[in-house]
Amino acid sequence: WYNIENECRSRRGMAASSVCPRCNQHSESLMHCLRDCDFANQVWSLLTGNSLNHTFFSHDSRQWLISNFSIPENWEDNHWPLYFGIGLSCSWRSRNELIFSEI
């Protein structure tokens, strides 16, 4: 993944702060942006109807991607990898619109 989140941009002098522009509470790492930010949590809750288990938020980035692009054994809907990709895309696009277009 290309590092253009605020944490990396700030280290390179390309952003005034490493703070997440959505929640203004935490440093914006890639995982914060895509999974841990309150905004991202809302995206995942909408996609899953609040049925995510605790492991969704506990894996490191590599394991998180691998496990969610696979069809979980206990998931009744085998379209989860598609939904997961849509959630990632929506979160990332929304973040970029906020950062680069102030939308």
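Located above this text is the structure these notes cover.
The notes below deal with the structure included here. Owing to the predicted nature of the structure, the values given are computational and were not obtained by experimental measurement. (Residues numbered from 1 in each chain as written. Predicted model: local features only at pLDDT ≥ 70, side-chain atom pairs only at ≥ 80, totals over all residues. Heavy atoms only, no water.)

Here we come to the packing of helix α4 (residues 61–68) against helix α5 (residues 80–101). Following both chains from N to C, one finds α4 and α5 inclined at 135°, their axes separated by 9 Å at the closest point. The angle between α4 and α5 places the two elements in the oblique class. Within the contact between the two elements, α4 uses Trp64, Leu65 and Asn68 and α5 uses Trp80, Pro81, Phe84 and Leu88. A breakdown of the residues in the contact of α4 with α5 according to their chemical character gives six nonpolar, one polar and no charged. (Axes fitted to C-alpha atoms, helices over the stretch in contact; angles between N-to-C directions. Helix = DSSP H or I, 4+ residues; strand = E, 2+ residues; numbered from the N terminus. Parallel < 35°, antiparallel > 145°, perpendicular 65-115°, else oblique. Contact = heavy atoms within 4.5 Å. Nonpolar A, V, L, I, M, F, W, Y, C, P; charged D, E, K, R; others polar.)

Here the focus is α4. Given 3.6 residues per helical turn, the α-helix brings residues three or four places apart onto the same face. Residues of α4 that are buried: Trp64, Leu65 and Asn68. Summarising the axial view, the buried residues of α4 lie within an arc of 95°, below the 170-degree limit, and thus occupy one face. Where the residues of α4 are buried, they touch α2 (30–36), α3 (38–48) and α5. (Buried < 20%, exposed > 50% of the residue type's maximum accessible area, 1.4 Å probe, protein only. Arc of directions from axis to C-beta.)

Attention shifts here to the pattern of salt bridges. The final tally for this structure, using the stated rule, is three salt bridges. Between arginine 93 and glutamate 97 there is a salt bridge, with the nearest N and O atoms lying 3.3 Å from each other. Pair noted here: arginine 93 and glutamate 97 are both in helix α5, with a separation of four residues, about one helical turn. Since its relative accessible area comes to 57%, arginine 93 is described here as exposed. (Salt bridge = Lys/Arg side-chain N within 4 Å of Asp/Glu carboxyl O.)

Right, let's get into α5. Here α5 contains 22 residues, and its C-alpha end-to-end distance of 30 Å stays within 8% of the 32 Å for a straight helix at 1.5 Å per residue. Among the residues of α5, those classed as buried are Trp80, Pro81, Phe84, Gly87, Leu88, Ser91, Arg95, Asn96 and Ile99. Down the axis, α5 shows its buried residues gathered within 150° of arc, on one side only. Facing away from the buried side of α5 by over 90 degrees, the exposed positions are Leu82, Arg93 and Phe100. (Expected span 1.5 Å × (residues − 1).)

In total, this model carries eleven aromatic pairs according to the counting rule given. A centroid spacing of 6.3 Å and a plane angle of 55° characterise the contact between tryptophan 44 and tryptophan 80, whose relative ring orientation is tilted. Taken together, the residues tryptophan 44 in helix α3 and tryptophan 80 in helix α5 connect sequence positions 36 residues apart. This pair shows no difference in class: tryptophan 44 is buried, exactly as tryptophan 80 is. Pairing phenylalanine 56 with phenylalanine 84 gives two aromatic rings, centres 6.5 Å apart and planes at 85°, and the pair type is edge-to-face. (Phe/Tyr/Trp six-rings, centres within 6.5 Å; stacked < 30°, edge-to-face > 60°.)

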